[in-house]
Amino acid sequence: SVLSLCSLHHVWGIEIFTKSEVEAVNGTSVKLTCTFSSTEPVSLQTASVIWDFRSITILYYQEVPYPIEEGLFNGHVQWSGDIKRKDASITLNNVRPAFNGTYFCQVTNPPDVHANIGETVLRVVDKVTLSEISLLGAIVGGSCVVILVFLGVFVAVRMYKKRNKENDIEMRVEEYRNKQPTVW
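Let me sum up the structure you'll find in this document. (Residues numbered from 1 in each chain as written. Predicted model: local features only at pLDDT ≥ 70, side-chain atom pairs only at ≥ 80, totals over all residues. Heavy atoms only, no water.)

**Remarks on the overall build of the protein chain**
Inference 1: Looking only at helices and strands, the protein chain features two helices and eleven strands.
Inference 2: Ordering the α and β elements of the protein chain from the N terminus gives α-β-β-β-β-β-β-β-β-β-β-β-α.
Inference 3: Within the protein chain, buried positions represent 24% of all 184 residues.
Inference 4: Long-range pairs, those at least 24 residues apart, make up 59% of the contacts in the protein chain between residues at least 6 apart in sequence.
Inference 5: Put simply, the protein chain shows about 12900 Å² of open surface, and 60% of that area lies on carbon and sulfur atoms. (Helix = DSSP H or I, 4+ residues; strand = E, 2+ residues; numbered from the N terminus. Buried < 20%, exposed > 50% of the residue type's maximum accessible area, 1.4 Å probe, protein only. Contact = heavy atoms within 4.5 Å. Areas by Shrake-Rupley, 256 points an atom, 1.4 Å probe, with all protein chains shown as cover.)

**A closer look at the side chain of Asn-109**
Inference 1: Inspection of the secondary structure assignment puts Asn-109 in the loop between β10 (101-108) and β11 (118-125).
Inference 2: Among the polar contacts listed, one links the side chain of Asn-109 to the backbone oxygen of Pro-41, at a separation of 3.2 Å.
Inference 3: Engagement of the side chain of Asn-109 in a polar contact is seen with the backbone nitrogen of Ser-43, the distance being 3.4 Å.
Inference 4: If near-sequence neighbours (up to four positions away) are discounted, Asn-109 is found in contact with Ile-14, Ser-38, Glu-40, Pro-41, Val-42, Ser-43, Thr-46 and Ala-47. (Polar contact = N/O pair within 3.5 Å; in protein donor to acceptor, adjacent residues only side chain to side chain.)

**Thoughts on the sheet that holds strand β3 (residues 30-32)**
Either a parallel or an antiparallel arrangement is found when strands of a sheet pair, and the pairing is made through backbone hydrogen bonds.
Inference 1: Strands sit in the order β3-β9-β8 across an open sheet of three strands; the sheet is antiparallel. What marks the edges here is a single partner per strand, and that holds for β3 and β8 (77-79). Recorded for the sheet is a direction-independent mean angle of 30 degrees between the axes of neighbouring strands.
Inference 2: The sheet contact formed by β3 and strand β9 (residues 90-92) spans three bridges and is antiparallel. When the sheet's bridge partners are listed, Leu-32 is paired in β9 with Ile-90. (Pairing = 2+ DSSP bridges. Axes fitted to C-alpha atoms, helices over the stretch in contact; angles between N-to-C directions.)

**Some details on the sheet that holds strand β5 (residues 48-53)**
Inference 1: The strand order β2-β11-β10-β5-β6-β7 describes an open sheet built from six strands, whose pairing is mixed. A single partner strand is all that each edge strand has here, and the edge strands are β2 (21-25) and β7 (64-67). Across this sheet, the average inter-strand angle for adjacent strands is 20 degrees, counted without regard to direction.
Inference 2: Relative to β11, β2 runs parallel, the two sharing five bridges. Looking across to β11, one finds that Val-25 is bridged to Val-125.

**Thoughts on the environment of Gly-118**
Inference 1: Looking at the secondary structure, you find Gly-118 in strand β11.
Inference 2: Owing to a relative accessible area of 3%, Gly-118 belongs among the buried residues under this scheme.
Inference 3: Along the backbone, Gly-118 and Phe-104 are 14 residues apart, and their C-alpha atoms lie at a distance of 5.5 Å.
Inference 4: The residues contacting Gly-118, other than those within four sequence positions of it, are Ile-16, Thr-18, Tyr-103, Phe-104 and Cys-105.

**Quick notes on the packing of aromatic side chains**
Inference 1: Evaluated as defined, the whole model comprises six aromatic pairs.
Inference 2: Centroid distance Phe-53 to Tyr-103: 4.4 Å. Interplanar angle 25 degrees. Geometry classified as stacked. Of this pair, Phe-53 sits in strand β5 while Tyr-103 is found in strand β10, placing the two residues 50 residues apart along the sequence.
Inference 3: With a relative accessible area of 0%, Tyr-103 lands in the buried category.
Inference 4: An angle of 25 degrees between the planes, with centres 4.5 Å apart, marks the rings of Phe-73 and Phe-99 as stacked. Placement of the pair is Phe-73 in the loop between β7 and β8 and Phe-99 in the loop between β9 and β10, with a sequence separation of 26 residues. Across this residue pair, the class does not change: Phe-73 and Phe-99 are buried.
Inference 5: Cluster of aromatic residues (ring-pair linked, three or more members): Phe-53, Phe-73, Phe-99 and Tyr-103. (Phe/Tyr/Trp six-rings, centres within 6.5 Å; stacked < 30°, edge-to-face > 60°.)

**Side note on the nonpolar core**
Note that soluble globular proteins tend to have their nonpolar side chains buried in a common cluster.
Inference 1: In this structure, Trp-51, Ile-58, Leu-92 and Tyr-103 are the most contacted members of the largest nonpolar core, which totals 31 residues.
Inference 2: Beyond its immediate sequence surroundings of up to four residues, Leu-92 is in contact with Thr-28, Ser-29, Val-30, Leu-32, Ile-58, Phe-73, His-76, Val-77, Phe-99, Tyr-103 and Leu-122. (Core = buried A, V, L, I, M, F, W, Y, C linked by side-chain atoms within 4.5 Å.)

Okay, structure coming up:
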């Protein structure tokens with residue numbers, strides 16, 4: 001029967017979990033997180049990890065990490081994972097704009113070999129320079145000074161008008177008293 005055949009069929013699988021996008025400042029280090037779940041116990045001897053970037057394997061792991069030792073990523077890729085804890089993460093050190101792009105994490109843990117591929121897009125941004133921060137501070141500070149000056153002028157004008165109005169009222173009261181005939 002079809003039903004009994006389906007119940008005997010066991011599907012092996014690994015699920016990969018990555019952040020969809022990561023941002024790093026040019027010249028800093030960034031961790032590309034890749035964790036996984038497996039239906040099998042994790043074995044240090046048979047579990048393996050491959051990290052790819054633009055069809056280039058930048059790190060291979062099986063018992064020990066084998067980072068790429070040539071080209072763009074030479075000296076920049078570091079194993080940060082712990083296979084026993086189902087962590088296959090790497091760290092990219094001293095990132096450069098050329099590192100912008102999509103990274104792929106693949107994990108196998110035989111007999112679990114069928115898995116989705118984790119993808120993380122890395123965006124390397126330039127760090128803000130001191131002159132840009134100074135310019136921003138000057139703009140904000142200057143704006144605050146201008147606002148305070150306008151506020152001071154506004155308050156001074158209102159006080160001047162109020163004082164003149166009070167003086168005007170006092171003068172009229174005095175004039176009124178002077179015009180009244182005095183009775184002796």
